[in-house]
Amino acid sequence: MKKIVCGFLVVVLGWFSSIQAQKRPNIILMMADDLGYNDLSSYRELNEQRSKTPPTSQTPYIDNLAKNGLQFTNFYSGAAVCSPSRAALLTGRNATRLGIYNFIPKDVPMHLKDKEITIAEMLKGKNYQTAHFGKWHLASENKGHPEPLDQGFDEAFWTYSNAKPTHKNPVNFIKNRIPLGKLEGYSSHLVVDEAIHWIKKTKDKNTPFYMNIWFHEPHLKVAAPDSLSVKHIYNKDYYGCIENMDYAVGKLMKYLKDNGLEENTIIIFTSDNGSKFDGSNDPLRGKKTFQYEGGVRVPFIVQWKGKISTGKISSEIGHFTDVLPTLANLTNTRVPKDRSIDGENISNVFLSKSKENQRKEPLFFYRYFHDPICMVRLDDLVLLGYYKKPKERLANYDEKEEALFKPKKGDTKNSQWAFQKKHMEAIKTQEPLYFEMYNVKKDVGQHKNILFEHPRLFKKMKKIMLKKRLEMITEGGNWYFKK
């Protein structure tokens, strides 16, 4: 009799667990590579156009996510360049705290450490199936660093960094741990096709899934179908590849809708940092690699049908590190308690449960390679910290010309670009010495320096900046001189 009762209980509990699993939302986290704040037509409708050559890309499928969900105007990436931004997104921890101080090239020790807990690893505790499709850029080639399968993903179709030689017919994709050689097609569609195939053929229908779809577009070297590029007068392939990525998003959304998966799926679309192209970050100052608004403020759209209000635009401040604690809350999953989590749970903003979201901590950015090396945002104020005395405002920011590390005579022009020992030495001693302050609510383009109008706030924000830089670099550690 006891065996019968126990057996019955096992069946009931299994059934109950299955029902609970089905109620948990699926999660799709889509990220473009170097897509500017102004490159999506849904954002362009909200922004002032200052450039004589504004973007001409049309993105109806991504715009449709915004129409059916929530569109943020004050959301920040994890960094002004790729690798640290992605690391912050996956872990909920500031990239400097992780020791990812710049993008990760070949043959360097810097990488996302195995001890870090990713969103995928966190959700696997709630029986999520997990997959990563597209660019990774959290490990250095030839170094044996942890790959997607080592960081909580059950399936991976990925590249170390950019699609090579271009987005068309890439040769550097890896499936799980096997290099695939040359593939026919465009990267964005290859990635989405693999994602759909995984849902269709592999995924257990009784458990929720979490997947990354991390596009290579529109990072250089760009490529797009002639039928899309020909529509544009300038930056033809750049805007063409954005539109090609948009079509890939449309393909994915059609599959979800046709198969009854759209209703219970949280869909996020964003970019890892700003664009390199003039006009693509309007009305923001600067671009990729620089910690002005144009380098770190990005599109961020969330759709969750029946849960998130449609067509809502939010000016609340968000950051990539918020994604992990927010998804933890929405899936009733535990946030890691044994480490500092820099992000905050903003599910109340997602679900419109309160009018305002008061951040407990200001946003902090550090990157040693370009001035300003530090940025802190507290409410509507942004404090910029420079290592060298800032120049007059530039019309165009040249990342090589403005780099703090330049090649010596006889060196190749890119010799200082990759992370190296001398950079690590500089990180330990480099501090902000000059400052500017802006009210980015009133002055989104950062035109008027109001530093001397707010001496008390400057003192407070400078103290925060210096403290966070020291704290996070200390935890991030030294890749070349370990104790």
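Residues numbered from 1 in each chain as written. Predicted model: local features only at pLDDT ≥ 70, side-chain atom pairs only at ≥ 80, totals over all residues. Heavy atoms only, no water.

Topic: the pattern of salt bridges
Here the structure, examined in full by the defined rule, presents 30 salt bridges. Notably, a salt bridge pairs E399 with K276, separated by 2.9 Å at the nearest N-O pair. Of the two residues, E399 is situated in the loop between β13 (381-386) and α13 (421-429) and K276 in the loop between β8 (265-271) and α10 (293-296); the sequence distance between them amounts to 123 residues. Between E361 and K468 there is a salt bridge whose closest N-O contact spans 3.1 Å. Of this pair, E361 sits in the loop between α12 (347-350) and β11 (363-366) while K468 is found in helix α14 (residues 455-476), placing the two residues 107 residues apart along the sequence. Classification of E361 by relative accessible area gives partly exposed; the value is 40%. You can call K468 buried: its relative accessible area is 12%. (Salt bridge = Lys/Arg side-chain N within 4 Å of Asp/Glu carboxyl O. Helix = DSSP H or I, 4+ residues; strand = E, 2+ residues; numbered from the N terminus. Buried < 20%, exposed > 50% of the residue type's maximum accessible area, 1.4 Å probe, protein only.)

Examining the nonpolar core
Membership of the largest hydrophobic core comes to 77 residues, with the highest contact counts inside it found for F72, Y101, Y210, F300 and F350. Of all the elements, α14 adds the most residues to this core, at six residues. Not counting the four nearest positions on each side in its chain, F72 is found in contact with Y43, F300, V302, S314, E316, I346, V349 and F350. Counting residues in each nonpolar core, the second largest holds 44 residues, with F133, V222, A248 and I267 among its members. (Core = buried A, V, L, I, M, F, W, Y, C linked by side-chain atoms within 4.5 Å. Contact = heavy atoms within 4.5 Å.)

Considerations on unusual backbone geometry
Residue K164 is joined to P165 through a cis peptide bond whose omega torsion reads 0 degrees. Relative to the helices and strands, P165 is located in the loop between β4 (155-159) and β5 (174-175). With a phi angle near 45 degrees, N235 is a residue other than glycine that sits in the positive phi range. For N235, the position within the fold is in the loop between α8 (226-229) and α9 (236-258). Taking relative accessible area as the criterion, N235 reaches 27% and is therefore assigned partly exposed. One non-glycine residue, T289, lies in the positive phi region at around 85 degrees. With respect to the helices and strands, T289 occurs in the loop between β8 and α10.

So, the pairing of strand β14 (residues 434-439)
When you tally the buried positions in β14, you get five out of six residues, the bulk of the element. Alignment of β13 against β14, held across six bridges, turns out to be antiparallel. Within β14, the residue paired with L381 across the bridge is N439. (Pairing = 2+ DSSP bridges.)

A look at the sheet that holds β14
The strand order across the open sheet built from four strands is β11-β12-β13-β14, with neighbouring strands paired in antiparallel fashion. Either end of the sheet is taken by a strand with one partner, and the two such strands are β11 and β14. The mean angle between the axes of side-by-side strands here comes to 15 degrees, regardless of whether they run parallel or antiparallel. Its contacts with the sheet put α14 on β11, β12 (374-378), β13 and β14, and the angle it makes with β13 is roughly 60 degrees. (Axes fitted to C-alpha atoms, helices over the stretch in contact; angles between N-to-C directions.)

Description of the sheet that holds strand β3 (residues 129-135)
Spatially, the 10 strands line up as an open sheet ordered β6-β5-β4-β3-β7-β1-β8-β9-β2-β10, and their pairing is mixed. One side of each edge strand has no neighbouring strand; the edge strands of this open sheet are β6 (178-179) and β10 (312-319). Helix α7 (residues 187-202) rests against β3, β4, β5 and β7 (209-214) of the sheet, and its axis sits at about 165 degrees to β3. α9 contacts β1 (26-32), β7, β8 and β9 (300-303) of the sheet and is inclined by roughly 170 degrees relative to β1.

Focus: the side chain of Q420
You can see Q420 is positioned in the loop between β13 and α13. Within the structure, the side chain of Q420 is placed 3.2 Å from the backbone oxygen of S415, a separation counted as a polar contact. Not counting chain neighbours up to four residues away, the residues in contact with Q420 comprise S415 and Y480. (Polar contact = N/O pair within 3.5 Å; in protein donor to acceptor, adjacent residues only side chain to side chain.)

So, the packing of helix α3 (residues 60-67) against α9
Between α3 and α9, the shortest axis-to-axis distance is 7 Å and the interhelical angle comes to 55 degrees. Taken together, the axes of α3 and α9 are oblique relative to one another. Contacts from P60, Y61, I62 and L65 of α3 reach α9 at M245, D246, Y247, V249, G250 and M253. When its residues are assigned to classes, the contact of α3 with α9 shows eight nonpolar, one polar and one charged. (Parallel < 35°, antiparallel > 145°, perpendicular 65-115°, else oblique. Nonpolar A, V, L, I, M, F, W, Y, C, P; charged D, E, K, R; others polar.)

Description of the side chain of T96
Mapped onto the fold, T96 is located in helix α5 (residues 95-98). Residue T96 is classed as buried on the basis of its relative accessible area of 2%. Setting aside residues no more than four positions away along its own chain, T96 makes contact with Y101, Y366, M472, I473 and G476.

Considering the confidence of the model for the protein
For the protein, the mean per-residue pLDDT works out to 93, and 94% of the residues sit at or above 70. Note that residues 8-21 has pLDDT below 50 and, in this model, four contacts with residues that lie over four places away or in other chains. (pLDDT = per-residue confidence, 0-100.)

Quick word on the packing of aromatic side chains
Within a pair of aromatic rings, the relevant descriptors are the distance that separates the centres and the angle that separates the planes. In this structure the tally under the stated criterion is 28 aromatic pairs. Among the aromatic side chains, those forming a connected cluster through ring pairs are Y101, Y368, F369, F405, W417, F419 and Y480. The ring of W479 has K113 lying over it, and the distance from NZ or CZ to the ring centre is 4.9 Å. For R469, the ring lying beneath its charged end belongs to Y366, and the centroid distance is 5.9 Å. (Phe/Tyr/Trp six-rings, centres within 6.5 Å; stacked < 30°, edge-to-face > 60°. Lys NZ or Arg CZ within 6 Å of the ring centre and 35° of its normal.)

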